[in-house]
Amino acid sequence: MICRWMALLFAASLALTAQAQEAPDALVKRVAEDVLQTIRGDKDLQAGNQAKVKQLIESKLAPNFDFTRMTALAMGKNWRSATPEQQKMLTDEFRTLLVRTYSGALSNYRDNTMDYAPLRMNAGDTDVIVRTSVRRPGQAPVQIDYSMAKTPDGWKAYDVIVAGVSLVTNYRDEFNDEIKRSGVDGLIKKLTDKNKGPTPK
Amino acid sequence: MNSFARSIASTLALACALLAGCATTQSRVDPFEPWNRAMYQVHEAVDGAVIKPIAEGYVRSAPEPVRTSVSNFFGNIDDLFSGINHVLQGKKERAGDDFGRVLLNSTFGIAGLFDPASEMGITKDKTDFGITFGKWGAPQGPYIFVPLFGPTTVRDGTGWLVRIYASPIGYIDDVRLRNSLYGLNYLDTRAQLLSAEGVLEAAALDKYRYLRNAYLRSRRYQVYDGKPPPEDEEE
């Protein structure tokens, strides 16, 4: 009994170390394929069941993103002018906004297949771009690039660039303007209101 | 300046100030922002009341294979123009793929209704005159939002006019058939945008701004073949 328990523990720790050392491109591939498989095998997800989609995102996608860094990137130089409490609130709200955005889009991905470009990375690099492209039947492929940084918990994505459009920095001038107009708290309020609004289909 | 012109100018200035409302920052890329924002609102109103419901009805009622064939048919014409533009951009191999696609899909794919080329692994790669002009060094010019057609720039809009002028559909003599094809083409394009629109709806704090940024960045990305030089920090 104890033996089996030990073996399990050993296996678990092995899996964990494997995860920590997983290369960034391997990580992207594993997560993307896992998510695509899950969508293909689940009618509710394809129909856009929001509760299930959200659960999928929270369990499989979100843990691989560094939302604090994403928020800082979207804020640009204004990040430093925010207090730690404001930074925390901004991160929470921005995270919610991004998860909601993804939730609306994810169910369309059923028929997609992904191609993974070979990663160009030198030993010791802690910041890389993993390039993928999404193929949809009858349409031109869409380039999706993930900017990833090495953290103590393994590689985390901090930007997603779809056909040249960063889902993060696309907000920068909007955030800038909002802060100029009504300060960091104004931006927090704006994000909170947006997130409280009806979930878009 | 005579008094009439002056009064027009001041009326315009007032209108701009009113339209600008919350958006006070003028940007280099979008000098006509107040006007564009007004056009965007016109667009949202008309599109939301008329066009979008029709597009949604089309998606609901037409079976998927039918819609796919419609997209393929117009996509085949797109491929022809992508090929021409890839030639103009000096990408001969890519142009060869485009023309190969057109040849295969127009014959084995029955006038482009099916896409056997993709199944054979010859992928699609869209480009257009706006991108070609950009590669030739033409500046993009001011951003323009055209109601019912969407975001563009002076450069891209010019390319778009060239495309319309040259489109094979324009050479069809039967007026009803020609107009039906234009209409169907528009409907197909609009229907394809429905899902992207959901993302815009979900993501944007200010839809006008989000769309403008996304449009200009993606065009820039294409002009530089996916490797755009870093932008100078805005402001």
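Residues numbered from 1 in each chain as written. Chains lettered and ligands numbered in written order. Predicted model: local features only at pLDDT ≥ 70, side-chain atom pairs only at ≥ 80, totals over all residues.

Caption draft 1: Fine view of the interface of chain A and chain B. Taken together, the contact pairs 22 residues of chain A with 31 residues of chain B. Of all the secondary structure elements, the ones that give two or more residues to the side of chain A that touches chain B are α6 (84-106) and α7 (172-196) of chain A. By residue number, the principal contributor to the side of chain A that touches chain B is α7(A), which donates five residues. Of the residues that constitute the side of chain A that touches chain B, the class distribution is seven nonpolar, eight polar and seven charged. (Contact = placed C-beta atoms within 7 Å. Helix = DSSP H or I, 4+ residues; strand = E, 2+ residues; numbered from the N terminus. Nonpolar A, V, L, I, M, F, W, Y, C, P; charged D, E, K, R; others polar.)

Caption draft 2: Inspection of unusual backbone geometry at higher detail. Residue and element names in this part refer to chain B. One non-glycine residue, Ile 110, lies in positive phi territory at about 50°. Along the chain, Ile 110 falls in the loop between α4 (92-107) and α5 (116-119). With a phi close to 55°, Ala 111 is a non-glycine residue in the positive phi region. Within the secondary structure layout, Ala 111 lies in the loop between α4 and α5.

Caption draft 3: Quick peek at the sheet that holds strand β3 (residues 142-151) of chain A. Residues and elements named next belong to chain A. In space, the five strands of this open sheet follow the order β1-β2-β3-β4-β5, with antiparallel pairing throughout. Every other strand in the sheet has two partners, leaving β1 (113-116) and β5 (165-166) as the edge strands with one partner each. Bridge analysis of strand β2 (residues 127-135) against β3 gives eight bridges, and the strand direction is antiparallel. Residue pairing for β3: Val 134 is matched across the bridge by Val 142. (Pairing = 2+ DSSP bridges.)

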